[in-house]
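# Descriptive structure summary
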Amino acid sequence: MKLKFFFILFIVGSTMTAQEKFSYGFHGGIAYAVLKTPGLSFDDYFSTSNGLLLGVHGNYNVSKHSSFVANLTFEQKGATTNFAEIIDPSTDMPFGNNGEIKLNYLVAPILYRHTIGGGKLKVFLNAGLFLGILVDSETNNHPVEEFDTTDFGFSGGLGFDYDFSEKKRIFIEFRSNIGSKSISALMNSNNTKLESGSNNIVLGFTFL
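We now turn to the structure provided with this report.

Reading guide: rules and limits
Residues numbered from 1 in each chain as written. Predicted model: local features only at pLDDT ≥ 70, side-chain atom pairs only at ≥ 80, totals over all residues. Heavy atoms only, no water. Helix = DSSP H or I, 4+ residues; strand = E, 2+ residues; numbered from the N terminus. Buried < 20%, exposed > 50% of the residue type's maximum accessible area, 1.4 Å probe, protein only. Contact = heavy atoms within 4.5 Å. Areas by Shrake-Rupley, 256 points an atom, 1.4 Å probe, with all protein chains shown as cover. Salt bridge = Lys/Arg side-chain N within 4 Å of Asp/Glu carboxyl O.

### With respect to the overall build of the chain
- For the chain, the helix and strand inventory stands at one helix and 13 strands.
- The helix and strand sequence of the chain, counted from the amino end, reads α-β-β-β-β-β-β-β-β-β-β-β-β-β.
- Counting the 208 residues in the chain, one finds 38% classified as buried.
- Across the chain, every contact between residues at least 6 apart in sequence was considered, and the portion connecting residues at least 24 apart equals 67%.
- For the chain, the exposed surface amounts to about 11,500 Å²; the carbon and sulfur share of it is 66%.

### Quick look at the pattern of salt bridges
- In total, this model carries seven salt bridges according to the counting rule given.
- Two residues, Lys122 and Asp163, come together in a salt bridge whose shortest N-O distance is 2.7 Å. Within this pair, whereas Lys122 is found in strand E8 (residues 121-139), its partner Asp163 is found in strand E10 (residues 150-163), the two being separated by 41 residues in sequence.
- Among the residues examined, Lys122 registers a relative accessible area of 9% and is labelled buried.
- Measuring nitrogen to oxygen at the nearest pair gives 2.8 Å for the salt bridge that ties Arg169 to Asp163. Per residue, the accessibility class of Arg169 equals that of Asp163, and both read buried.
- The network of salt bridges with shared partners includes Arg113, Lys122, Asp161, Asp163 and Arg169.

This is how it looks when you write it as structure tokens:
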């Protein structure tokens, strides 16, 4: 009987510890996205395009101040072209007039989070990598097949957590995603390729 009792206590304790290590929730916000050409200013070819983001997240708590965060987010990216210097490789001609490039991604960042403070209000820093999967693309109301299906890059942010109950938390984060690979076969007149970038304002709710 004693062995069974201690075994039950061990199982319950292990389960509670596991629950304390994991948390999960959902988030949404605004993405200020742009396409960029390496070596040139963001404004040389494109201007910012605003979109929405919506997703879920999970945290694995290593310690009181350290954790790993995984997100899965639907994010609207893209840009507004300033002039028609984007070249279609199939025709070697300008792709189109000024207009919008719309790119919808599923973005999956894996981040290390460091939390500062121990009260209800805490500051946190995030840094890591992201993988993006393109689910839809459109330019000047015409589908664009030349865009790659994947994107990859670096992600980092600064945010604030607030515990408004023992098991519930809200947060706001200011995050930047910087693409590090070419996302399209389309080239501008300088033969430089396109990379993605975005600055995000994220609001979230976490169950502890």
